[in-house]
Amino acid sequence: MDLIERANKEAVRRMLAGDPVLVDVIPAEQAIPTLGERMILHAGPPIDWARMCGPMRGAVTGVACFEGWTANLEAAAEQAAAGAFALHPNHHFDAVGPMTGITTRSQPVMVVENRAFGNRAYCTINEGLGKVMRFGGNDEEVLNRLRWLRDDFGPAMGAALREMGGIPLKSLVARGLTMGDEMHQRNVACSGLTLRHLAPALARVTQDRDALARALAFIGGNDQFFLNIAMALGKAIMDPVRGIEGSSVVTAMARNGTDFGIRVSGTGDTWFTAPVEMPEGLYFPGFSAADANPDMGDSTIVETIGLGGFAMGAAPAVAGFVGAGAASEAGNFTRTMAEITLGENPEWTIPALDYFGVPTGIDIRLVVETGLAPTINTGIAHKEPGIGQVGAGVVRAPLACFREALLAFAETLGVL
Amino acid sequence: MDGSTMSDDIGKTLLNTPPKVVNLGLESFALELSQQGVAVVHVDWTPPAGGDPALADLLSKLGA
């Protein structure tokens, strides 16, 4: 149909025209004025407390203590079960969050502005590895780190970004792809590049040398620091693609640990959901698949723009880390994803694949026709609250939500 | 001219030379042949929409 071809061409045009710039770090309540008291944003499509998985419950109770809404975790769980907190997806508020994805009013969020379209997207600051709230951690160590991010690091990073006029991200990602990152499970290069951009400005705006040293060490010690920036970048690129009549391009993929959800441009903001899959991967010493929680997080927004599992060919090292096979097979993941996408990104290319551009514009028609589900690189959380990350792996998006989306899409065109 | 046709030639070639096999779909067929020393190229293929005729028809209407 000509309408679909024209609409999809426009969708890919908008994706490629996106010009994301990291411009600021500000409190979430300032970025999202509707984010009120006792409101908790989470990863994935909508879900209530009763259906939430263990780590997401752990993060909800932890953040309730962090915000001072309850005295302890037990009280927080009781209040959550009684409906005392308003739970909403990040995606409904121009935001995204990794794993549990918890966002509340006083947390600092990074601001990525898409200068080609004028929209903004938000994501919290990556907390680092180990016991962290995004993997369901909620003890004092976790909460104290969040307090430091809120009171010290976030304001300093925001001041630095404002002082330097922001960091253009499109070229930074292009360079990261040539340095072995795929921007989901490998962000070593882009985190280092971000530190190089940010360090001089951080030094200019921070009076206290110890505070500066701690901030620099925090970024330098976290290989995944850039992940949250990549996610806000992905959201900023995809939001202008929403709502194009006749477009079968996926605008968001997200998981809440229970359901996997997708949104499609031509069907507006409707979520099409199916049960999440269990990642297949490698586990940290002492843990196994029996400890793992099913797939979770808004981080699949990076696959939606052609990075992560779609750019596996750029990051052979990650293929081993996530248990996806030999490094020489990494390119096969990227080539396969090219079968369900509408084009390549000429600015984000992969040297090892003769500068093939990352597969761009997931078309639900191609997913259903080929039966090839999007490949996602992901971290794996422990299924119990309060423990944290136990491994990393690869997971497939469930085909059922693409079939459901296709039927609804056909209905909008009067074909069904 | 010996009066033989092209199909006769193909028939003779098939019978007198080792088979060259291209296998579509089920990989186990290719593996079986490979284990018996037969040269085989496997093509990873599934019917459109997983073989669901209603979905395949819908995809066709949607220009896929």
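Keep in mind that this is a model prediction, so the values were computed, not measured.

> Even after reading the chapter, I still don't get the overall build of chain A, so can you show me in this structure?
Scanning chain A for helices and strands turns up 14 helices and 16 strands. On the principal axes, the C-alpha backbone points of chain A span a range of 60 × 50 × 45 Å. Long-range pairs, those at least 24 residues apart, make up 72% of the contacts in chain A between residues at least 6 apart in sequence. Summed over its atoms, the accessible surface of chain A is roughly 14,200 Å², and 51% of this surface lies on carbon and sulfur atoms. Treating the 32 positive side-chain charges of chain A as one cloud and the 45 negative ones as another, the clouds have centres 4 Å apart.

> What's the story with the sheet that holds strand 16 (residues 389-396) of chain A in this structure? I'm lost.
Remark on secondary structure: sheet strands pair via backbone hydrogen bonds, oriented parallel or antiparallel. All names here are of chain A. Taken together, 3 strands build an open sheet; the order of strands is 11-16-15 and the sheet is antiparallel. Strands at the two margins of the open sheet, each flanked by one partner only, are strand 11 (280-283) and strand 15 (375-381). For this sheet the average axis-to-axis angle between neighbouring strands, irrespective of direction, equals 20°. With 4 bridges joining them, strand 11 and strand 16 adopt antiparallel strand pairing. Following the sheet pairing, Glu 280 is matched in strand 16 by Val 394.

> Would you explain the packing of helix 5 (residues 140-164) of chain A against helix 8 (residues 209-220) of chain A in this entry?
When two helices pack together, their arrangement is given by the angle between their axes and by how far apart the axes lie. Residues and elements named next belong to chain A. It is at 12 Å that the axes of helix 5 and helix 8 come closest, and there the two elements cross at 125°. By the angle class used here, helix 5 and helix 8 are oblique. Where helix 5 crosses over helix 8, the two elements pack in a sense that is left-handed. Contact residues: Arg 145, Trp 148, Leu 149 and Phe 153 in helix 5; Arg 214, Ala 215, Phe 218 and Ile 219 in helix 8. A breakdown of the residues in the contact of helix 5 with helix 8 according to their chemical character gives 6 nonpolar, no polar and 2 charged.

> Can you help me understand the sheet that holds strand 9 (residues 259-264) of chain A in this one?
The sheet built from 4 strands is open, its strands ordered 10-9-8-12 (chain A) with antiparallel pairing. Whereas interior strands pair on both sides, the edge strands pair on one side only; in this sheet they are strand 10 (272-275) and strand 12 (296-297) of chain A.

> Looking at this structure, I do not really get the interface of chain B and chain A. What am I missing?
Often, the extent of an interface is quoted as the loss of accessible area upon association of its parts. Between chain B and chain A, the residue contacts involve 11 residues of the former and 15 residues of the latter. Across the interface of chain B and chain A, roughly 1,000 Å² is buried in total on both sides, 74% from carbon and sulfur atoms. Linking chain B to chain A there are 0 salt bridges. Applying the counting criterion to the chain B and chain A interface returns 2 residue pairs in polar contact (both at pLDDT 80 or more).

> How should the domain arrangement of chain A be read in this particular structure?
Residue and element names in this part refer to chain A. Parsing chain A into structural domains produces domain 1 (18-233) and domain 2 (243-412). Averaged C-alpha coordinates put domain 1 and domain 2 at centres separated by 21 Å. Taken together, the contact between domain 1 and domain 2 spans 44 residues of the former and 52 residues of the latter. Summing the contributions of domain 1 and of domain 2, the shared interface buries around 3,500 Å²; its carbon and sulfur component is 65%. The interface formed by domain 1 and domain 2 holds 2 salt bridges in total.

> Is there a simple way to explain empty space enclosed by the protein in this structure?
Taking a probe equal in size to a water molecule and rolling it over the atoms shows the remaining empty space. Residues and elements named next belong to chain A. The final tally for this structure, using the stated rule, is 3 cavities of 30 Å³ or more. Within this model, the largest cavity holds a volume of roughly 150 Å³. Looking at the lining of the largest cavity residue by residue, the class counts come to 7 nonpolar, 6 polar and 2 charged. What the second largest cavity holds in volume is close to 60 Å³. For the second largest cavity, the full set of lining residues is Met 15, Leu 16, Gly 18, Lys 170, Ile 237, Ile 305, Asn 345, Trp 348 and Thr 360. At the level of elements, helix 1 (2-17) and strand 13 (341-350) are the ones that each hand at least two residues to the lining of the second largest cavity.

> Just to check I follow, could you spell out the packing of aromatic side chains for this structure?
To describe a pair of aromatic rings, you give the distance between the ring centres and the angle between the ring planes. Residues and elements named next belong to chain A. In this structure the tally under the stated criterion is 6 aromatic pairs over all chains. Ring geometry for Trp 148 and Phe 153: centres 5.4 Å apart, planes at 35°, overall tilted. Of the two residues, Trp 148 and Phe 153, both sit in the buried class.

> Explain the packing of helix 7 (residues 188-205) of chain A against helix 9 (residues 225-238) of chain A to me, please; I cannot follow it from the model alone.
All names here are of chain A. Interhelical geometry of helix 7 versus helix 9 gives an angle of 90° and a closest axis separation of 8 Å. Accordingly, the angle class assigned to the pair helix 7 and helix 9 is roughly perpendicular. Of the residues in helix 9, those touching helix 7 at Cys 190, Ser 191 and Thr 194 are Phe 225, Phe 226 and Ile 229. Residue composition of the contact of helix 7 with helix 9, grouped by class: 4 nonpolar, 2 polar and no charged.

> For this particular structure, what's the right way to read the side chain of A:Asn126?
Residue and element names in this part refer to chain A. Relative to the elements of secondary structure, Asn 126 occurs in the loop between strand 6 (119-124) and helix 5. Of note is the side chain of Asn 126, whose polar atom sits 3.4 Å from the side chain of Arg 134. Within the structure, Asn 126 has its side chain in polar contact with the side chain of Asn 228 (distance 2.9 Å). Not counting residues up to four positions away in its chain, the partners in contact with Asn 126 are Arg 134, Phe 218, Asn 222, Gln 224, Phe 225, Leu 227 and Asn 228.

Parameters at a glance
- Residues numbered from 1 in each chain as written.
- Chains lettered and ligands numbered in written order.
- Predicted model: local features only at pLDDT ≥ 70, side-chain atom pairs only at ≥ 80, totals over all residues.
- Heavy atoms only, no water.
- Helix = DSSP H or I, 4+ residues; strand = E, 2+ residues; numbered from the N terminus.
- Contact = heavy atoms within 4.5 Å.
- Areas by Shrake-Rupley, 256 points an atom, 1.4 Å probe, with all protein chains shown as cover.
- Lys, Arg positive; Asp, Glu negative; His and termini not counted.
- Charge placed at Lys NZ, Arg CZ, Asp CG, Glu CD.
- Pairing = 2+ DSSP bridges.
- Axes fitted to C-alpha atoms, helices over the stretch in contact; angles between N-to-C directions.
- Parallel < 35°, antiparallel > 145°, perpendicular 65-115°, else oblique.
- Left-handed = near helix turned anticlockwise from the far one by under 90°.
- Nonpolar A, V, L, I, M, F, W, Y, C, P; charged D, E, K, R; others polar.
- Buried area = accessible area lost by both parts, 1.4 Å probe.
- Salt bridge = Lys/Arg side-chain N within 4 Å of Asp/Glu carboxyl O.
- Polar contact = N/O pair within 3.5 Å; in protein donor to acceptor, adjacent residues only side chain to side chain.
- Domains from an automatic or database assignment.
- 1 Å grid on protein atoms, 1.4 Å probe; cavity = no way out; pocket = protein on both sides within 12 Å on 5 of 7 lines; lining within 4 Å.
- Points joined across faces, edges and corners; volume = space filled by probe spheres on them.
- Phe/Tyr/Trp six-rings, centres within 6.5 Å; stacked < 30°, edge-to-face > 60°.
- Buried < 20%, exposed > 50% of the residue type's maximum accessible area, 1.4 Å probe, protein only.

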